[in-house]
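Each chain, written out:
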Amino acid sequence: NDGKRQFKRVLLKLSGEALREPGSHDNISPPIVESIAEQIKAAHQEGLEIALVVGGGNFWRGVSASNRGMERATADYMGMLATVMNSLAVQSMLEAMDVPTRVQSAIKMDNVAEPFIRRKATRHLELGRVVIFAAGTGNPFFSTDTTAALRASEVSADVVLKATKVDGIYDSDPNKNPDAVRYDKITYMEAITRRLQVMDSTAFSLCQENNTPIVVFSMNEPGNIYRALTGEPIGTIVTN
Ligand code: UDP
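So, how was this worked out
- Residues numbered from 1 in each chain as written.
- Predicted model: local features only at pLDDT ≥ 70, side-chain atom pairs only at ≥ 80, totals over all residues.
- Helix = DSSP H or I, 4+ residues; strand = E, 2+ residues; numbered from the N terminus.
- Buried ≥ 20, exposed ≤ 12 C-beta atoms within 10 Å, placed from the backbone.
- Contact = placed C-beta atoms within 7 Å.
- Pairing = 2+ DSSP bridges.
- Right-handed = clockwise from strand over helix to strand, strands pointing away.
- UniProt positions renumbered as here; feature names shortened; annotations may be inferred.
- Near = placed C-beta within 6 Å.
- Nonpolar A, V, L, I, M, F, W, Y, C, P; charged D, E, K, R; others polar.
- Arc of directions from axis to C-beta.

Asker: Please explain the overall build of the protein chain as it appears in this structure.
Answerer: Scanning the protein chain from N- to C-terminus turns up eight helices and nine strands. For the protein chain, the spread of C-alpha atoms along the principal axes amounts to about 50 × 50 × 35 Å. Expressed as a percentage of its 240 residues, the buried residues of the protein chain come to 45%. Looking at the protein chain alone, contacts between residues at least 24 apart form 71% of all its contacts between residues at least 6 apart.

Asker: Would you mind going over the sheet that holds strand β1 (residues 9–14) with me for this structure?
Answerer: Strands pair in a sheet through their backbones, by hydrogen bonds, and they do so in one of two ways: parallel or antiparallel. Across the sheet, nine strands lie side by side as β4-β3-β5-β2-β1-β6-β8-β9-β7; this open sheet has mixed pairing. Looking along the sheet, the strands with just one partner apiece sit at the ends: β4 (114–115) and β7 (185–187). Here strand β2 (residues 49–54) runs beside strand β5 (residues 130–134); their pairing, made up of three bridges, is parallel. The partner of L52 across the bridge, within β5, is I132.

Asker: Any chance you could explain the pairing of β1 here in plain terms?
Answerer: Each regular strand displays side chains that alternate between the two surfaces of the sheet. Burial analysis of β1 places five of its six residues in the buried class, the great majority of the element. The sheet contact formed by β1 and β2 spans six bridges and is parallel. Its bridge partner being in β2, V10 is matched across the sheet by I50. Note that the unit made of β1, helix α1 (residues 30–45) and β2 has a crossover that is right-handed. Pairing geometry for β1 and strand β6 (residues 159–164), over five bridges, is parallel. When the sheet's bridge partners are listed, L14 is paired in β6 with A163.

Asker: How do you make sense of the UniProt feature "domain: Aspartate/glutamate/uridylate kinase" (unreviewed entry) in the protein chain when you look at a structure like this?
Answerer: In this numbering, the UniProt entry assigns the feature "domain: Aspartate/glutamate/uridylate kinase" (unreviewed entry) to residues 8–218. For residues 8–218, the end-to-end C-alpha separation is 21 Å, with 39% helix and 18% strand making up the annotated structure.

Asker: Any chance you could explain the site of the ligand here in plain terms?
Answerer: Neighbouring residues of the ligand: 23 residues in total, closest G55, G57, G62, G79 and G136. No other element matches the six residues that helix α3 (residues 72–96) contributes to the shell around the ligand. Grouping the amino acids of the shell around the ligand by side-chain chemistry returns six nonpolar, 14 polar and three charged.

Asker: What should I look at first to understand helix α4 (residues 118–126) in this one?
Answerer: Every α-helix carries 3.6 residues per turn, so stepping three or four residues along brings you back to the same face. Among the residues of α4, A121, H124 and L125 are the ones counted as buried. Looking down the long axis of α4, one finds its buried residues gathered within 100° of arc, a one-sided arrangement. The outward face of α4, more than 90 degrees from its buried face, is lined by the exposed residues R119 and E126. Following α4 by one or two positions, G128 has its phi on the positive side, about 85°.

Asker: For this particular structure, what's the right way to read the pairing of strand β3 (residues 101–105)?
Answerer: Burial analysis of β3 places four of its five residues in the buried class, which makes it a mostly covered element. Across five bridges, β3 lies against β5 in parallel orientation. Bridged to S105 within β5 is A134. Across two bridges, β3 lies against β4 in parallel orientation. Across the sheet, S105 pairs through a bridge with P115, a residue of β4.

What follows is the structure, given as structure tokens:
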């Protein structure tokens, strides 16, 4: 199978920053969301079941606000609300391309999204709807990476695909160390003990516990979201 990974159901994690045009003041760039949606649509047309978790860092991050004097829990709830805006943006672009979607929010918001109900989410996926999990886990002190790991386990996704700014996991920060070496694959244990900062340790351990592989790949390369979704061996894969 030409080295391709075989996925039937995936969970794609997009950071909030992925929706912003670099250097722009607009938190969300519709053309960028459109190009992401096009790639999701292409993979969806091949029969892949796709769940999404979108971050909120393009609007707000709980930790940074709390470092500057705001109460952490409140700042985190604001961050979760930011992920709802991003989720609606992605939903709207997908629906405009005739891809059926549902947004499920971990914080009840009946006018804009369904509540998160695991069995319904699974059903939507079976029926070919792209399910977008909004509002993180619904709990402060967690991240959307952890949300991705949690929801992937809940809907039995084959993999967590984490789209980021770097093309995989390195043994040190490639932005600071020109000799940094990229791994093709690495174990959860190594990723956690070596404190490789691509994902938080809660997310890694949750995936480890449930044996969900993680693929970390760069979304700066045009077309890479489609490649990752359809199992091309890009980025770094984290397994046991
Ligand atoms: N957040 C939270 N609980 C969750 C998920 C997210 O409190 O389960 C908050 C947290 O403040 C976080 C913000 O939402 O900083 C945005 O999410 P994240 O930083 O993970 O987004 P990303 O970096 O992926 O854009």
